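Letter by letter, the chains look like this.
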Amino acid sequence: MKSKPLVTSASCTSLFGVLPNGQEIHAYEISNSKGMILNVMDYGATLVALKKTLKNGEVIDVVLGFDNLNDYVNSYSLPSAPYFGTTIGRYAGRIAQARFELNGTEISLQPNNNGNTLHGGVEGFSQKVWQLKQLTTGTNPSITLSYISVDGEESFPGELQVEVTYLLTEENELVIEYKGLSTKDTVVNLTHHSYFNLDGQYASVLDQDLQINASQFLETEDMIPTGKLLPTANSSFDFRNSKSCPESIDTTFALDVKEVQVASLLSKKNNLRMLVFTNQPAVHVYVGGNCFNQIIGKEGTSYHSQSGVCFETQNFPDAPNHTHFPSAVLKQGEIYFQKTIYQFQSF
C-alpha cells in the first residue's frame, strides 16, 4: 500500500487551521462538472463540506460540521462527541467491556464509554492527523489520505496501514473506499460519520423520509448488542417502506442485501434524494448532532438532537465478542476493503 504522494493541483489545497501542538491542518477541495463540491481535511480524514446544486440553482451543504479546526478539536470534549464527518477506526461502534479474545488471547482495550470502547477508544482515527497520498482533479476527482496506526495503539494489535479515498463521480455520487493492511492478526471496522441533512444546516431532519432495506436489527442492552437479531416487522424499526425520520434512533440494522441500495433519505422540500450503497453487512442509523449550545456549527447554526442523520455502513458493533456475527478479524497480510456510495438525485 506504500506509494509516493501524487498531487495534481496545489490550488485545491488550503490551510484549515493549526493544532495546539503547532501542526498545520490542510483542507482539500474537489468538484465534478455538475457543481458538486467536496472538502476534506487531514485531521481525522474528515469530510468538512459536501455541497450540492439544486434544480433551482441554490447550493446547499448537506453535511453538518464546523467552520474552523478549533471547534472540531473542542467537540471531543462535549458531553457526547458528535464525530462530524470523521473516519472512524480502528473499530466503529462499541466493544463491550473494552475487551475481546483473538487467537486465544484476551485483548484489553482503552475504555472511553461507560467501561466500553467506542469508535476506536480514547483517541481513535478521528483525532489523528492523516497524510495526503493523492489528489486528482478532472473527471471523477478524488482525495486519498493515509494513516499508520502503530502496533498497540489504543491496545489494538498489529501495525495497521490504512487509507481512505473520497471520490466524486459525474453521477453525483460520493464514493468512499477504505483499505487496510496489518502486520498482525487484528480487528478492523471502519466507517464514515457524516450527519446528512438534505434541507441544509438550519433544518431538522424530521421532515425528511427515511428508508432502510433491513428486515432485522440488533437487540441491545445499554447500547451493547445482546447477540440477538430481532425482526423489524411490526416494530418501530421497520423502515422497509419509507417514512418520516424518527426523533431518536441509534440502531444497527442487519442489511438484507449488499452492494445494492441499502438505505435512502428524501427531502420533498428540496426535491433531493440520497441513496446509500455498501459492501458491508450493516448500517448503523443515528439521528443527532447536538452540540449542547457550547459550539456553533456551520453558517452560525446551533445544532440540536435532530440536526442530521448518520448512515454508518459497517460491520456489527461488538462483533469480536459474538462468534455468530460477521467476522471483524483482519488476518496478517490480508487486505481490508470497505466501499460505500452516497448517491444524490434531484427530481
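In the block above lies the structure referred to throughout.
What you see is a predicted model, and the numbers here were worked out from it, not measured in a lab.

Here the residue pair G89 and R90 is connected by a cis peptide bond, since its omega of 0 degrees sits within 30 degrees of zero. Position of R90 among the secondary structure elements: in the loop between β7 (87-88) and β8 (94-95). A positive phi is found at N234, a non-glycine position, where the angle reads about 60 degrees. By the secondary structure assignment, N234 is in the loop between β21 (224-231) and β22 (243-244). The exposed category is assigned to N234, whose relative accessible area is 84%. Backbone geometry at N293 places phi at a positive 60 degrees, although glycine is not the residue there. Structurally, N293 is set in the loop between β26 (282-288) and β27 (308-314).

Inspection of the secondary structure assignment puts D209 in strand β19 (residues 209-212). When sequence neighbours within four positions are dropped, the list of residues in contact with D209 reads S242, K243, S244, S264, L265, L266 and K268.

With the rule as written, the count across this model stands at 17 aromatic pairs. Here F66 and Y72 contribute two aromatic rings whose centre-to-centre distance is 5.1 Å and whose plane-to-plane angle is 85 degrees, an arrangement assigned as edge-to-face. Like F66, the residue Y72 is buried in the burial classification. Here a set of aromatic residues connected by ring pairs shows up, and it is made of F16, F66, Y72, F84, Y195, Y286 and Y303. Lying across the ring of F239, K243 places its NZ or CZ 4.6 Å from the centre.

Glancing now at the sheet that holds strand β20 (residues 216-221). Taken in spatial order, the six strands line up as β18-β27-β26-β23-β20-β21 in an open sheet, and their pairing is antiparallel. Since the sheet does not close on itself, it has two edges, and those belong to β18 (195-196) and β21, each with one partner. Sheet topology note: the strand β23 (residues 250-254)/β26 ladder contains five bridges and is antiparallel. Looking at β26, one finds that F253 is bridged to V283.

In this structure, L50, F311 and F344 are the most contacted members of the largest nonpolar core, which totals 57 residues. With five residues, strand β14 (residues 160-168) is the single largest residue contributor to this core. Residues A81, V129, Y195 and I295 belong to the second largest nonpolar core, which totals 24 residues.

Rules behind the numbers
Residues numbered from 1 in each chain as written. Predicted model: local features only at pLDDT ≥ 70, side-chain atom pairs only at ≥ 80, totals over all residues. Heavy atoms only, no water. Helix = DSSP H or I, 4+ residues; strand = E, 2+ residues; numbered from the N terminus. Buried < 20%, exposed > 50% of the residue type's maximum accessible area, 1.4 Å probe, protein only. Contact = heavy atoms within 4.5 Å. Phe/Tyr/Trp six-rings, centres within 6.5 Å; stacked < 30°, edge-to-face > 60°. Lys NZ or Arg CZ within 6 Å of the ring centre and 35° of its normal. Pairing = 2+ DSSP bridges. Core = buried A, V, L, I, M, F, W, Y, C linked by side-chain atoms within 4.5 Å.

That is the geometry; function is a separate question.
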